[in-house]
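# Tertiary structure, described
Below, each chain spelled out in residue letters.
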Amino acid sequence: MKELQDIVTAFDKATAQDKQTALATVVHVEGSSYRHAGARMLIAEDGELTGAISGGCLEGDALRKARLAMAEHKPMLVTYDTTDEDDAKFGVGLGCNGIIHILIEPVSNKNANNPVALFKLFLTRRRPVVLATLFSLKDKKKEQPGTCLLLSDDELIESEFPDELIKNAVLNDARFVLKNGNSVTKAYLYEDEYTCFVELVQPAVSLVIFGAGNDAIPLTNFAAVLGWQVTVVDGRANYAVANRFPAAKQVITSKPDQALQQLTLDERTAVVLMTHNFNYDMAMLKQLLPLKLTYVGCLGPKKRLTRMLNDLQEEGTAITNDQLQTVYGPAGLDIGSENADEIALSIIAEIQSVLKKSKPMYLRNKQFIHDRAVQIIQQSL
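Residues numbered from 1 in each chain as written. Predicted model: local features only at pLDDT ≥ 70, side-chain atom pairs only at ≥ 80, totals over all residues. Heavy atoms only, no water.

## What to know about the UniProt feature "domain: XdhC Rossmann" (unreviewed entry) in the protein
UniProt's entry tags residues 207–351 with the feature "domain: XdhC Rossmann" (unreviewed entry), counted in the numbering of this structure. Segment residues 207–351 splits into 37% helix and 17% strand. End C-alpha atoms: 9 Å apart. (UniProt positions renumbered as here; feature names shortened; annotations may be inferred. Helix = DSSP H or I, 4+ residues; strand = E, 2+ residues; numbered from the N terminus.)

## Brief notes about the packing of helix H1 (residues 2–16) against helix H3 (residues 115–123)
Between H1 and H3, the shortest axis-to-axis distance is 10 Å and the interhelical angle comes to 125°. Taken as axis vectors, H1 and H3 run oblique relative to one another. The handedness of the crossing between H1 and H3 is left-handed. When H1 is examined against H3, the residues Leu4, Gln5, Ile7, Val8, Phe11 and Asp12 are found in contact with a partner set consisting of Val116, Phe119, Lys120, Phe122 and Leu123. Residues belonging to the contact of H1 with H3 are distributed by class as follows: eight nonpolar, one polar and two charged. (Axes fitted to C-alpha atoms, helices over the stretch in contact; angles between N-to-C directions. Parallel < 35°, antiparallel > 145°, perpendicular 65-115°, else oblique. Left-handed = near helix turned anticlockwise from the far one by under 90°. Contact = heavy atoms within 4.5 Å. Nonpolar A, V, L, I, M, F, W, Y, C, P; charged D, E, K, R; others polar.)

## Looking at the side chain of Arg40
One can find Arg40 in strand S2 (residues 40–44). Side chain to side chain, Arg40 and Glu199 meet in a polar contact 2.7 Å long. (Polar contact = N/O pair within 3.5 Å; in protein donor to acceptor, adjacent residues only side chain to side chain.)

## Regarding the sheet that holds strand S13 (residues 250–253)
Read across the sheet, six strands follow the order S13-S12-S11-S14-S15-S16 without closing on themselves; strand pairing throughout is parallel. Among the strands making up the open sheet, the edge pair consists of S13 and strand S16 (327–328). Together, strand S11 (206–210), strand S14 (269–273), strand S15 (295–298) and S16 form the strand contacts of helix H10 (residues 340–355), whose direction differs from that of S15 by roughly 155°. (Pairing = 2+ DSSP bridges.)

## A closer look at the domain arrangement of the protein
Here the domain parsing of the protein yields domain 1 (1–201) and domain 2 (206–356). Here the C-alpha centre of domain 2 lies 36 Å away from the C-alpha centre of domain 1. (Domains from an automatic or database assignment.)

## A closer look at the environment of Phe161
Locating Phe161 in the fold gives a position in the loop between strand S8 (156–158) and helix H4 (164–180). Taking the relative accessible area as the measure of exposure, Phe161 reaches 11% and is therefore buried. Spatially, the C-alpha atom of Phe161 lies 44 Å from that of Thr326, the residues being 165 residues apart in sequence. For Phe161, the residues in contact, after removing those within four places along its chain, are Leu134, Cys148, Leu149, Ile166, Lys167 and Val170. (Buried < 20%, exposed > 50% of the residue type's maximum accessible area, 1.4 Å probe, protein only.)

## Examining the pairing of strand S5 (residues 98–107)
Counting buried residues along S5, nine of its ten residues qualify, which places the element largely inside the surrounding structure. Looking at chain direction, strand S1 (residues 21–31) and S5 are connected through ten bridges and run antiparallel. From the neighbouring strand, Ala24 faces S5, where its bridge partner is Ile104. Inspection of the sheet shows strand S4 (residues 76–81) paired to S5 by six bridges, in the antiparallel sense. Considered in S5, the bridge of Val78 is made with Ile102.

## Considerations on the packing of helix H5 (residues 216–225) against H10
Running from amino to carboxyl end, H5 crosses H10 at an angle of 45°, the nearest separation of the two axes being 8 Å. In this view, H5 runs oblique relative to H10, as classed from their interaxial angle. H5 and H10 meet at a crossing whose hand is right-handed. Residue-level inspection shows Pro218, Leu219, Phe222 and Ala223 of H5 in contact with H10, the latter providing Ala340, Asp341, Ala344, Leu345, Ile347 and Ile348.

## Points about the side chain of Asp281
Among the structural elements, Asp281 can be located in helix H7 (residues 278–288). Classification of Asp281 as buried rests on a relative accessible area of 1%. Side chain to side chain, Asp281 and Arg304 meet in a polar contact 3.1 Å long. If sequence neighbours within four positions are ignored, Asp281 has contacts with Leu273, Met274, Thr275, His276, Arg304 and Met308.

Here it is as structure tokens:
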């Protein structure tokens with residue numbers, strides 16, 4: 001979500017300086033590519049770029065195309081085909097052996113439902129939304145509607161569609177994606193053919209760190225670089241000081257029995273217990289276990305966590321296997337970490353892996369880094 005936040009900030013800055021902007025979105029990929037569908041970049045008329053649609057090889061050409069789209073005040077679809085071994089003829093030298101379709105949309109505040117306005121709305125809330133982007137792969141010269149819909153569990157914002165049947169079909173697909181949690185690409189066959197990228201966008205990760213010691217500082221900083229929203233909690237007022245954690249969104253001084261009252265925890269929340277105070281960590285673990293969060297990390301040796309769990313059970317706390325599956329202790333991946341910075345890196349990597357449901361491994365042992373194959377589902381209207 002950091003990319004969307006950066007795009008919103010850059011758009012507001014460009015608007016204040018009376019600069020035209022355009023949004024480039026990867027809407028469909030065939031074969032291999034550096035970024036997947038949903039990658040975005042804001043392009044200002046003076047050449048300032050925010051976000052990324054490739055590893056740096058498409059951006060220059062996208063800038064030229066974006067200036068044309070701004071001048072003509074209409075979206076355009078651009079395709080980069082690098083399946084030819086001699087892709088130097090494209091002047092971009094991708095070397096990706098894939099086909100990347102990028103939609104470029106001029107963005108104006110005169111349109112209340114422009115893409116960046118939808119991003120702003122999404123960023124003000126901690127809930128998933130579905131964004132729908134409509135385009136024509138069949139005929140690049142025809143009208144490219146672009147970002148046309150935002151759907152959440154309590155709100156629907158839509159722009160003009162080429163046809164009522166297509167609008168209804170896209171809305172049905174958006175509802176399906178919001179419910180089931182998987183983005184889809186659909187082609188609607190009705191007189192003129194349109195393709196829609198129906199994308200589920202999740203809120204930023206919320207990382208709650210219990211412990212305001214010096215080793216929590218690099219963990220906070222790493223998380224902030226990823227755009228995660230970090231909250232630091234500690235019972236010691238001389239440790240839980242905001243200026244020690246400038247990258248944190250919030251720093252709270254609290255005893256264990258009052259901490260959760262000041263927090264909002266959801267399925268996108270990860271927690272790390274690292275106060276180095278056994279009783280504090282155990283008190284928090286007791287409250288967190290029933291919540292079945294996706295990730296609860298406990299710093300320290302395994303025997304420390306085992307002792308906590310045993311003590312809780314002896315006190316009468318029932319602990320199920322499902323609850324234990326959410327607890328990771330010792331926290332972090334085994335990357336040979338020794339100091340606080342390295343340990344923080346290993347914890348961040350583990351949280352990312354758990355949230356993405358990805359098994360850590362050497363990339364060289366994988367046939368493909370990412371599976372970019374997206375099946376276009378044909379739907380006749």
